[in-house]
Amino acid sequence: DEASKDLKRKELEIRLRNRDGKFEWFSLIYKIIDDNDKQNIIGRLCNINKQKTEKNQLIEKSQIDGLTKLYNKSATEKMVGEILESNYGSESYALMIIDVDNFKGVNDTYGHLLGDAVLIDVSKIFKSIFRETDIIGRIGGDEFLVFMNKVSSENDVREKAEKMCQKVRSLYENEVTLSKISISVGIAVIIKERVLYKELFKNADLALY
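All values derive from a computational prediction rather than experimental measurement.

### Points about the sheet that holds strand β1 (residues 11–17)
Okay, step 1: Strand order in the open sheet formed by three strands is β1-β2-β3, with antiparallel pairing between adjacent strands. What marks the edges here is a single partner per strand, and that holds for β1 and β3 (38–47). Direction aside, the axes of adjacent strands within the sheet are offset by 40° on average.
Okay, step 2: Alignment of strand β2 (residues 23–35) against β3, held across ten bridges, turns out to be antiparallel. Along β3, the bridge assignment pairs Y30 with G43.

### A word on the nonpolar core
Okay, step 1: Among the nonpolar cores identified, the biggest contains 28 residues, and M96 and V100 are the most heavily contacted of them.
Okay, step 2: Elements with a minimum of two residues in this core: β4 (92–101), α4 (103–110), α5 (112–129), β6 (143–148) and α6 (154–171).
Okay, step 3: Sorting elements by how many residues they give to this core places α5 first, with six residues.
Okay, step 4: In this structure M96 touches F130, F144, L145, V146, M148, V157, K160, A161, M164, V185, G186 and I187, once residues within four positions along its chain are discounted.
Okay, step 5: In terms of nonpolar packing, the next biggest core, distinct from the first, is built from 17 residues, V80, I83, L84 and L145 among them.

### Concerning the packing of aromatic side chains
Okay, step 1: In the structure shown here, the tally under the stated rule is three aromatic pairs.
Okay, step 2: Plain terms: the ring middles of Y93 and F147 are 5.3 Å apart, the flat faces sit at 20° to each other, and that makes the pair stacked. Here Y93, found in strand β4, pairs with F147, found in strand β6; they are 54 residues apart in sequence, far enough to count as distant.
Okay, step 3: Assessed through its relative accessible area of 4%, Y93 is described here as buried.
Okay, step 4: Seen from their ring centres, F126 and F144 are 5.2 Å apart, and the 70° between their planes marks the pair as edge-to-face. You can see F126 sitting in helix α5 and its partner F144 sitting in strand β6, a full 18 residues away along the chain.
Okay, step 5: Residue class for F126 comes out buried when judged on its relative accessible area of 0%.
Okay, step 6: Exposure remark for F144: the relative accessible area of 0% places this residue in the buried category.

### Some points on the pairing of β1
Okay, step 1: Pairing geometry for β1 and β2, over seven bridges, is antiparallel. Paired with E11 across the two strands is I29, which belongs to β2.
Okay, step 2: Counted along the chain from β1 to the antiparallel partner β2, the turn is five residues long, and its residue G21 has a positive phi close to 85°.

### Overview of the sheet that holds β6
Okay, step 1: Read from one edge of the open sheet, four strands run β5-β6-β4-β7, paired in antiparallel fashion. Where the open sheet ends on each side, the last strands, each with one partner, are β5 (135–138) and β7 (182–191). Sheet twist, expressed as the average angle between the axes of neighbouring strands with direction ignored, equals 15°.
Okay, step 2: α6 contacts β4, β6 and β7 of the sheet and is inclined by roughly 170° relative to β7.

### Side note on the pairing of β5
Okay, step 1: Every second residue of β5 is oriented toward a common face, with I135 and G137 on one face and I136 and R138 on the other, all of them buried.
Okay, step 2: Where β5 meets β6, four bridges bridge the pair, whose relative direction is antiparallel. Looking across to β6, one finds that I136 is bridged to V146.
Okay, step 3: Where β5 folds back onto β6 in an antiparallel hairpin, the turn is made up of four residues.

Here is what the cut-offs are and how they apply
Residues numbered from 1 in each chain as written. Predicted model: local features only at pLDDT ≥ 70, side-chain atom pairs only at ≥ 80, totals over all residues. Heavy atoms only, no water. Pairing = 2+ DSSP bridges. Helix = DSSP H or I, 4+ residues; strand = E, 2+ residues; numbered from the N terminus. Axes fitted to C-alpha atoms, helices over the stretch in contact; angles between N-to-C directions. Core = buried A, V, L, I, M, F, W, Y, C linked by side-chain atoms within 4.5 Å. Buried < 20%, exposed > 50% of the residue type's maximum accessible area, 1.4 Å probe, protein only. Contact = heavy atoms within 4.5 Å. Phe/Tyr/Trp six-rings, centres within 6.5 Å; stacked < 30°, edge-to-face > 60°.

Shown next as structure tokens:
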């Protein structure tokens with residue numbers, strides 16, 4: 001059907017169900033032949049699932065921070081920017097910039113291995129609190145960004161931020177070496193207006209400091 005809609009198109013990538021009932025990627029290379037008043041389509045179907053999977057894994061790897069498994073800085077900025085650019089005042093969003101307090105002291109005193117463990121632990125907390133539709137990224141050494149997609153109210157944003165701070169504070173409360181670990185959060189909220197990424201980030205950054 002797709003081929004007959006676009007006569008100039010010579011190749012398609014489609015998903016089909018295999019013998020095991022699972023969907024896989026196939027490449028359909030075809031040619032349309034006019035035969036009097038009829039059009040016939042001849043082509044070749046090739047399984048490209050392995051190549052497609054490997055390509056998607058490479059793309060995903062380029063977007064993910066190796067330590068925390070959150071989005072990296074460039075992927076975070078791109079994804080948030082695209083959402084904001086497509087918003088014409090119909091939705092509400094929130095952007096949080098998060099700093100890990102006293103992290104440099106821990107890193108310098110006890111080493112990078114412990115410092116990395118702290119970043120991994122706080123990242124897990126962020127993931128546990130926010131939705132799959134939200135964007136969570138590591139944008140610096142101990143700096144993170146959370147973009148809440150389509151928020152219901154400012155109160156909901158505040159509650160999520162307070163819950164996040166509380167969980168991080170209690171994370172190491174029984175460990176002397178890490179008892180001072182906490183987070184600071186700067187928040188900028190858009191209530192049904194159009195704001196681009198740089199402006200929203202600047203407002204959250206000002207709120208943080």
